[in-house]
Amino acid sequence: MQAFERTHDTPYPPREARVATRARWDAFARRLREHLRLSLGLTPSLPEPPLRALRTEAHRGDGYRIERFALETLPGFYLTGSLFVPDAPADARAPAMLQPHGHFEGGRLTEADVLRAVALAQAGVYVLSYDMVGYNDQFQLPHWGAEPLEWRRWGFSRAGLQTWNSLCAFEWLRQQREIDPQRIGCSGISGGGTQTFLLSAWEPRLSCAAPVKMVSSVMQGGCICENAPLLRLFAGNPEITGLTAPRPMLLISDAGDWTRDTPEVVAPYLKRVYGLFHAEGQFAHAHYSEGHQWGAEPRRAYYEWVARVWRLPRTPQDPDLRWECLVPALRVWDDALPKPSDAPTGDAVLRLYQRLAGEAVARWRRTRRFEAEARAALQSMLGLERIDDARDDPLPDAWQGVLPSRRYARLVVALGEASVRRWQRNGYAVVRLPELPRPAPKTDYAYLATYNLTPDTARARALLGVLLRLKPRATRLVVAAQGEWATLSGIACALAQVPLDAPSLAEPDLLDLPCYDRLGGMATLQRLTPAPE
């Protein structure tokens, strides 16, 4: 069983083998997108969002106006922010920039965020600057706090909810007649950089991305909102960021924070990814020594990049204004736009999500893609880029020397107290695996499941490795299990396509299986697992 050692500060350099050829990268990229989709709570697809926008004008400035903005992304759940509208759009259908903020005091109500938004608006670009969950005017869940077992099992997380908000904001912008759907980008610093590359990785229609002072191989994200369960089990931020290729990207790093490794590690790797698409010119990198901030010099580089990528009639520049004076206009809720009194908060948001996810599973099971997507999701739950990788895992100590080396016509693998009399009567040889203890994590690290298998997914993966070893040695192979091992065996058998004999897949106690309920739990396993003859 694995040692629970990886954290967000564990060095995680990107794997060179994944950029060896275009075919190898494409296969990895498809798999990583599947994995991101599950870890962020997007498999199966949620119902279509309401996308009802609440807007009211808050301020008129030199060449732009600011609107208070709230977008309904789930029924009664709102993304909040400010929409910067240019007086003279760059074209008949103008470009637009999504602007998620970082973990700075004030969130989006900071000098660099305000100056960038005004600068782009004055140059003819729409800008949607929006709150993370629990920041400023987004009041329905706190930004910090534990994400308990129930959240993990339902694939419900702040990282997932924020990515959903970003996807909804992108879709809303695409639907606006005055905005060019082919020129919508995203850029943010720090935690906003995480949101930028997660959105870009999953949404191929996003035209460009500028993650700033975030992408690193030595630190992956220090907030709960950057650490969804499962997210980084087999890939780190540089590889996730590589999913933007071949679209234009500006990567900004700094010698004074964790992106200090970018010039030597991250940027060369991303250049190789872009090179696979013969699109080296679409990748730009700028490195500074000002610390973890978005100062005037990197802002100028950003403005020049935006003007070049979108062929703006003029290059944006920092406006001459006192940004603090705009803060009252940047707050969303006021008498003209009152806070919804019936909006769900706290646990009610989880219950809303569970209801919508349950509806999504019911629809999903009726589709042709269900079985393939569900197996890919179970593969992600076990942290496997490829299913066959489990065959190469070391066997747990308790199972060493137990597996037979000879071939069998018929073989049953028994776990727990499962009865095998039926199989013995039918001529099956029996391999009873000793009890595999459920290891306790060696730490109370908050993001354990982001970087490590949970004790329960580790046991399911160990059994999958056993089944993959035994399949070539048995003409007929079956697993007999009961209790908690019935559920764990269901996951392994669904992936190995081995019949399962289990009286019930109901769990005596809830197991720590991230996204298990999001996928439909026991009913989904029963659909995927071959029945014994």
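Refer to the structure printed above.
Please read these numbers as outputs of a predicted model, since none were measured by experiment.

Examining the pattern of salt bridges
- In this structure the tally under the stated criterion is 38 salt bridges.
- In this structure, the salt-bridge partner of Glu34 is Arg31, at a minimum N-O distance of 3.2 Å. Of the two residues, Glu34 and Arg31 are both situated in helix 1 (residues 22–39); the distance of three residues between them amounts to about one turn of the helix.
- Taking the relative accessible area as the measure of exposure, Glu34 reaches 38% and is therefore partly exposed.
- When the shortest N-O distance is used, the salt bridge between Glu533 and Arg476 registers 3.1 Å. One end of the pair, Glu533, is in the segment after helix 16 (521–528); the other, Arg476, is in strand 12 (residues 474–480), with 57 residues separating them in the sequence.
- Through salt bridges with shared partners, a single ionic network connects Arg18, Arg24, Glu239 and Glu385.

Notes on the side chain of Gln140
- Tracing the sequence through the fold places Gln140 in the loop between strand 5 (126–130) and helix 3 (149–153).
- Looking at Gln140, the relative accessible area reads 1%, which means it is buried.
- Those residues within four positions of Gln140 in sequence are excluded, and the remaining contacts are Gly76, Phe77, Tyr78, Ala343, Pro344, Thr345, Gly346 and Val349.

Examining helix 11 (residues 370–381)
- Helix length check: helix 11, at 12 residues, gives a terminal C-alpha distance of 16 Å against a target of 16 Å (1.5 Å per residue), a fit within 8%.
- Most of helix 11 is tucked away, with nine of its 12 residues classed as buried.
- Summarising the contacts, the buried residues of helix 11 are in contact with helix 1, helix 10 (347–364), helix 14 (455–470), helix 15 (484–496) and helix 16.
- Taken from the residues just after helix 11, Gly383 is the one with a positive phi, measuring 70 degrees.

What counts, and at which threshold
- Residues numbered from 1 in each chain as written.
- Predicted model: local features only at pLDDT ≥ 70, side-chain atom pairs only at ≥ 80, totals over all residues.
- Heavy atoms only, no water.
- Salt bridge = Lys/Arg side-chain N within 4 Å of Asp/Glu carboxyl O.
- Helix = DSSP H or I, 4+ residues; strand = E, 2+ residues; numbered from the N terminus.
- Buried < 20%, exposed > 50% of the residue type's maximum accessible area, 1.4 Å probe, protein only.
- Contact = heavy atoms within 4.5 Å.
- Expected span 1.5 Å × (residues − 1).

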